[in-house]
Amino acid sequence: MSAAAQESVEIEKIQTTEEGLATQQYLTFLMNDEEYGVDILAVQEIRGWERATMVPNSPSHMKGVLNLRGTIVPIIDLRDRFQLPSVDYSDITVVVILKVDTDKGDRTMGIIVDAISDVYDVPIGKVRTTGVAENRNSHFIKGLVTVDKNMVILLELQKLLTIDD
Amino acid sequence: MSVDLSQFHQVFYEESYEGLDAMEQGLLEMNVDAPDDEIINTIFRSAHSIKGGSGTFGFMQVANFTHVLETLLDEVRSGDRSLNQTTMDLLLVSVDCMRDMLQALQNGEEPDMSNADDLRAQFEAILKNEDPSQALAQSANSKEGSDSGQPPSDKSGGDGAGADGKNGWSIDFIPEPQLLQTGNEPTRMFRQISELCDGNMSVTVKTDNLPSFSSLNPEHCFLNWHIDVHAPLEKSVIDEVFEWVIDDAEINIYPLGQSCEAESQKIQESEPDKQVTPAAVEPIAVTTSQSTDEKPKAPQKAAAPQESSSIRVDIDKVDNLINMVGELVITQSMLGELGENFDMGRVQRLQEGLAQLEHNTRELQESVMKIRMMPISFVFSRFPRLVRDTARKLDKKIDLVMSGENTELDKTVMEKLGDPMVHLIRNSMDHGVETPEERIKNGKSETGTVELKAYHQSGNIVIEIEDDGAGLNTERILQKARENGVISEDANLSEDQVFDLIFQPGFSTADVVSDLSGRGVGMDVVRRNIAALNGSIEVFSQKNKGSRFVIRLPLTLAILDGQLVQVEDQIYIFPLVSIVESIQYQGSELNNVGGHSDVLQLRDEYVPILLLNQTFGIQTENDDLDESIIVVVEADGEKIGVVVDELLGQQQVVIKSLEENYKKVEGISGATILGDGTVALIIDVSGLSKLSVTSLKDLDRKVKNHKAA
């Protein structure tokens, strides 16, 4: 399914289930004291940070490639990607391995985040897709949702994992 | 029980292509004056299988066409007909035609029947002992069915009677009791008809002949059927459905709505020699255009375009593999047992077990790799035909000599090798071998030779394409290169460098661009294709003696012999084939050219130097080159010296794709996983040299900008 098609299906889903209580599970993680969420079905595994093999002449957010059971997986630093202040990697720095069906086929990629937070059931109708101010990162953001009075930023993985820009 | 025939389509196509290849090969080998029976039999068998297969799967266009071919071949086989060159040529063209039809069907398209119809008309003329070329002219209105051995066919003049089948057909199907015992299943035939007419049919069963229960033999068929088909099918299509039961049943087919008696009478009369007598057929045939429109509906839906490929594996290889896996299982259980009751006293056993495991794994790896290996004859086999046709087009006499057809090569490599080789052979024939007159003038024999050789040499496969033609014309190449601005007017080039010019983009010395050369695929593409396979191509040539192209390729794409090198804390891998030598850095050998680029004096050559840590942007703590190693690598005929910190071991590495999850990286051809589980990148030597050139240009530009400012 192409990225565009998938997007339109999701928008449809959001519209039609407004009264219902259909929920979608999101895995959330912390970065720069903000909570971000990704669709839990895209998460392959969560692992501790380990040194990756550097790829020459790659952008600064590309931290290298790892061996994930025989597959070569690129690892990107999400702080760097979002141009947030960078921090040193520590023992609690984690890598979330994500797999998303893009228009170039399945892509697996790891993102480096500060720490894993929680798993939430998010009612699809509660996701606010508007009101996000346009900024340089807004195209990575699917929407906002409030969980326990805290804001969670839901990420658009299709965009995030297409790295050819 | 319903069987989806479409699952077998792929197999059918592959078998048919193989059959066509066999036919082609047989035809090329055949001596027209003294045909070899064995070859004729082979050709006949191939044609027969294709006809049978296409009939079964409902590809009637192919089946009908092949039928004519088969009839002719049958006459040749039984000695009733002698072959001549025209027939041979026609047979070869028809092989192409069938291949096109099958390809169209495989892609789910409607095959173009115009060629096939022309060819068929010509074959029919031959069968009637007429001049086939005349038949071609008349083919549009030639009437069929009058040929001996010819089934009622779907092509007809379409005179009034042709309209008869337009509403559909009524069929009386009265089988003999033993029908079922011959393995024929009436419901299958009905289903086939139903597919042909998209289900617009009705079947009525007649139980008049059913005996009383006590005398009923359960293995006999006592039922008769009456079928009405409400679709403008062609009679021959329906005939085809019942083809196998013609001897075991009474079948009356007549246009829908007509009285059964009148028509069936007519048909019944002619039934015994139905295949010979045209009278019964003509009134109920419809025109070809209708037939091609209607017939393939059913099969076409099933044959969705699909690209899957398969290989045939020698059973020995599979047996071997099974043995290895058996051994692996034994070793594994031995180790498992050892692990359960382990004490330090058994360390020796453990080490032995692990050694055995390593041994097993390596053997298994090798055997699995062998499965992908196929003899290079798969590529070579298409060349005799190519040479024959091209030689004729060029009015040259050329023999093709091939050796080493059984040399094995990875299937992926083989698939990508076909086009470059076709190009090289065409080139040799077009530009290399001279016309017979010229050859005689130069004191050579009238017939030129193109030689194809394949052999293994130290882990590589080497393919040579050699001709005994005029050789490369150095002056003309130089002149052309100057005209195109590839080299400067006063450049002084060695002979090898001149030959290398032909691999430059946009370079053609052919005075006339024929349809053979100048197809937009130049020698630069050939070189690029071969470089993409990690191979190399060299050219040797001698004036008036001929030229020789030598292609070197790795046996497989999946595994590479690598040299591990270290740069700071990173490990990279050079393909071993690309390394010329490695030397310890000694300051005195380095010369600085123009303040920016360093060159290494290597005996009588100067080799540009590239610092891997700079090129790859690796942070360095000291930029002291002492203790460094310079790895001299060669790509595209150019040498560069790559400075690394240390040489590590050599090992075979399994190539993994970096592009699968990331993207192409300049200077890197892929990645691999080392023994400790970490990833190491494999260096793309030709990409690296380009990278160094661009970085030099960058530098150059910066300098210029600086000066301008």
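Residues numbered from 1 in each chain as written. Chains lettered and ligands numbered in written order. Predicted model: local features only at pLDDT ≥ 70, side-chain atom pairs only at ≥ 80, totals over all residues. Heavy atoms only, no water.

Along its length, chain B carries 22 helices and 22 strands. When burial is assessed residue by residue, chain B has 45% of its 709 residues classed as buried. A separation threshold of at least 6 residues defines the contact pool for chain B, and within that pool the share at least 24 residues apart is 69%. Split by element, the accessible area of chain B, about 35800 Å² in all, is 49% carbon and sulfur. (Helix = DSSP H or I, 4+ residues; strand = E, 2+ residues; numbered from the N terminus. Buried < 20%, exposed > 50% of the residue type's maximum accessible area, 1.4 Å probe, protein only. Contact = heavy atoms within 4.5 Å. Areas by Shrake-Rupley, 256 points an atom, 1.4 Å probe, with all protein chains shown as cover.)

As a further point, take the overall build of chain A. Each helix and strand in chain A was counted, giving 3 helices and 10 strands. By residue count, 46% of the 165 residues in chain A fall in the buried class. Carbon together with sulfur atoms contributes 48% to the accessible area of chain A, which is approximately 8500 Å² in total.

So, about the nonpolar core. Residue and element names in this part refer to chain B. If you look at the biggest cluster of nonpolar residues, it comprises 55 residues, and the most contacted ones within it are Y572, F574 and L612. Contacts of L612, omitting those with residues within four sequence positions, involve V567, Y572, I618, V642, V643, V644, I683 and L688. Of all hydrophobic cores here, the second largest spans 47 residues; its members include L394, V422, L452 and I487. (Core = buried A, V, L, I, M, F, W, Y, C linked by side-chain atoms within 4.5 Å.)

Our focus in this paragraph is the pairing of strand β1 (residues 169-175) of chain B. Residues and elements named next belong to chain B. The element β1 is largely enclosed, with a buried count of 6 among its 7 residues. Bridge analysis of β1 against strand β4 (residues 249-255) gives 7 bridges, and the strand direction is antiparallel. Along β4, the bridge assignment pairs S170 with Y254. Here β1 runs beside strand β3 (residues 224-229); their pairing, made up of 5 bridges, is antiparallel. Pairing of F173 across the sheet is with W225, part of β3. (Pairing = 2+ DSSP bridges.)

Each partner contributes to the interface: chain A provides 23 residues, whereas chain B provides 23 residues. Across the interface of chain A and chain B, roughly 1900 Å² is buried in total on both sides, 55% from carbon and sulfur atoms. On the chain A side of the contact with chain B, A:M54, A:P56 and A:I72 bury the most area, a combined 31% of that side's loss. Along the contact surface separating chain A from chain B lie 1 salt bridge. Here A:R51 ties to B:D569 by a salt bridge, and the two come within 3.3 Å at their closest N and O atoms. (Buried area = accessible area lost by both parts, 1.4 Å probe. Salt bridge = Lys/Arg side-chain N within 4 Å of Asp/Glu carboxyl O.)

Moving on, we come to the packing of helix α1 (residues 9-29) of chain B against helix α4 (residues 85-106) of chain B. Residues and elements named next belong to chain B. Contact pair α1 / α4: the axes reach a minimum separation of 10 Å and the direction vectors enclose 165°. By the criterion of interaxial angle, the relationship of α1 to α4 is roughly antiparallel. Along this stretch, α1 crosses α4, giving a crossing that reads as left-handed. From α1, Q10, F12, Y13, S16, Y17, L20, D21, M23, E24, L27 and L28 reach across to α4, where they touch M88, L91, L92, V95, D96, M98, R99, L102, Q103, L105 and Q106. Its residues assigned to classes, the contact of α1 with α4 shows 14 nonpolar, 4 polar and 4 charged. (Axes fitted to C-alpha atoms, helices over the stretch in contact; angles between N-to-C directions. Parallel < 35°, antiparallel > 145°, perpendicular 65-115°, else oblique. Left-handed = near helix turned anticlockwise from the far one by under 90°. Nonpolar A, V, L, I, M, F, W, Y, C, P; charged D, E, K, R; others polar.)

All names here are of chain B. Mean pLDDT over chain B: 75, with 79% of residues reaching 70 or higher. This stretch, residues 260-307, has a pLDDT under 50; its non-local contacts, to residues over four places away or in other chains, come to 92 contacts. Reported confidence for the predicted complex is 0.79 by ipTM and 0.49 by pTM. (pLDDT = per-residue confidence, 0-100.)

Attention now goes to helix α3 (residues 60-77) of chain B. For the α-helix, the turn length of 3.6 residues means that residues three or four positions removed from each other point alike. Its 18 residues give α3(B) an end-to-end C-alpha distance of 24 Å, which sits within 8% of 26 Å, the value for a rise of 1.5 Å per residue. Counting buried positions over the 18 residues of α3(B) gives 16, a clear majority of the element. (Expected span 1.5 Å × (residues − 1).)

For the rest of this paragraph, the subject is the sheet that holds strand β1 (residues 23-31) of chain A. Strand pairing in a sheet relies on backbone hydrogen bonds, with the paired strands running either antiparallel or parallel. Residues and elements named next belong to chain A. Strands sit in the order β8-β1-β2-β10-β9 across an open sheet of 5 strands; the sheet is mixed. Across the chains shown, the open sheet's two edge strands, defined by having one partner strand only, are β8 (115-123) and β9 (141-147). Taken over all neighbouring pairs, the strand axes of this sheet differ in orientation by 35° on average, direction set aside.

Let us now look at a nonpolar patch on the surface. All names here are of chain B. Taken together, the side chains of V313, I315, V318 and I322 present a nonpolar region at the surface, about 320 Å² in accessible area. Structurally, V318 can be placed in helix α12 (residues 315-340). Classification of V318 as partly exposed rests on a relative accessible area of 30%. (Patch = residues over 30% accessible without salt bridge, like charges linked within 9 Å, V, L, I, M, F, W, Y side chains within 5 Å.)

All names here are of chain B. Closest axis-to-axis distance for the helix α15 (residues 383-394)/helix α16 (residues 411-432) pair is 10 Å, and the angle between their directions is 35°. Our pair here, α15 against α16, has a crossing hand that is right-handed. Packed against α15, whose contacting residues are F383, L386, V387, T390, A391 and L394, the element α16 presents M421, V422, I425, R426, M429 and D430 at the interface. Counted by class, the contact of α15 with α16 contains 9 nonpolar, 1 polar and 2 charged residues.

All names here are of chain B. Helix length check: helix α13 (residues 347-371) (25 residues) gives 36 Å between terminal C-alpha atoms against 36 Å at 1.5 Å per residue, within 8%. Among the residues making up α13, those that are buried are G353, N360, L364, S367 and I371. Where α13 is buried, its residues touch α12 and β5 (373-375).

Let's shift gears to unusual backbone geometry. For A:K149, which is not a glycine, the phi torsion comes out positive at approximately 70°. Tracing the backbone shows A:K149 in the loop between β9 and β10 (150-155). Look at A:K149 and you get exposed, because its relative accessible area is 81%. For B:N544, which is not glycine, the phi dihedral falls at a positive 65°. The residue B:N544 is located in the loop between β10 (536-542) and β11 (546-554) in this model.

Further remarks concern the packing of aromatic side chains. Under the counting rule described, the total for this entry stands at 11 aromatic pairs over all chains. Pairing A:Y36 with A:F82 gives two aromatic rings, centres 5.8 Å apart and planes at 40°, and the pair type is tilted. Remark: A:F82 occurs in the loop between α2 (78-81) and β6 (94-102) and A:Y36 occurs in strand β2 (residues 34-39); sequence separation between them is 46 residues. Ring plane angle 50° and centroid distance 6.2 Å describe the contact between B:F380 and B:F383, whose orientation is recorded as tilted. Accessibility expressed as a relative area gives 0% for B:F383, which makes it buried. The positively charged end of B:R77 is found above the aromatic ring belonging to B:F44, 3.8 Å away from the centroid. (Phe/Tyr/Trp six-rings, centres within 6.5 Å; stacked < 30°, edge-to-face > 60°. Lys NZ or Arg CZ within 6 Å of the ring centre and 35° of its normal.)

All right, on to the environment of B:T86 then. By secondary structure assignment, the location of B:T86 is in helix α4. For B:T86, a relative accessible area of 47% puts it in the partly exposed group.

With that settled, the discussion passes to the pattern of salt bridges. Residues and elements named next belong to chain B. A full pass over the atoms with the stated rule returns 31 salt bridges over all chains. For the salt bridge of R99 with E24, the shortest nitrogen-to-oxygen distance reads 3.5 Å. Of the two residues, R99 is situated in helix α4 and E24 in helix α1; the sequence distance between them amounts to 75 residues. Residue E538 is joined to R552 by a salt bridge in which the shortest nitrogen-to-oxygen separation is 3.9 Å. Highlighted residues: E538 in strand β10 and R552 in strand β11, separated in sequence by 14 residues. According to the relative accessible area criterion, R552 is partly exposed, its value standing at 27%. Put simply, D21, E24, D89, D96, R99, R385, R388, D389 and R392 are held in one network by salt bridges that share partners.

For the pair formed by B:R552 and B:A454, sequence separation is 98 residues and the distance between their alpha carbons is 9.8 Å. Other than its neighbours up to four places away in sequence, B:R552 contacts B:Q457, B:I461, B:V462, B:G535, B:S536 and B:E538.

All names here are of chain B. With antiparallel pairing, 4 strands are arranged side by side in an open sheet as β2-β3-β1-β4. Where the open sheet ends on each side, the last strands, each with one partner, are β2 (201-206) and β4. The mean angle between the axes of side-by-side strands here comes to 15°, regardless of whether they run parallel or antiparallel. Pairing of β2 with β3 involves 6 bridges; the strand directions are antiparallel. Looking across to β3, one finds that K206 is bridged to N224.

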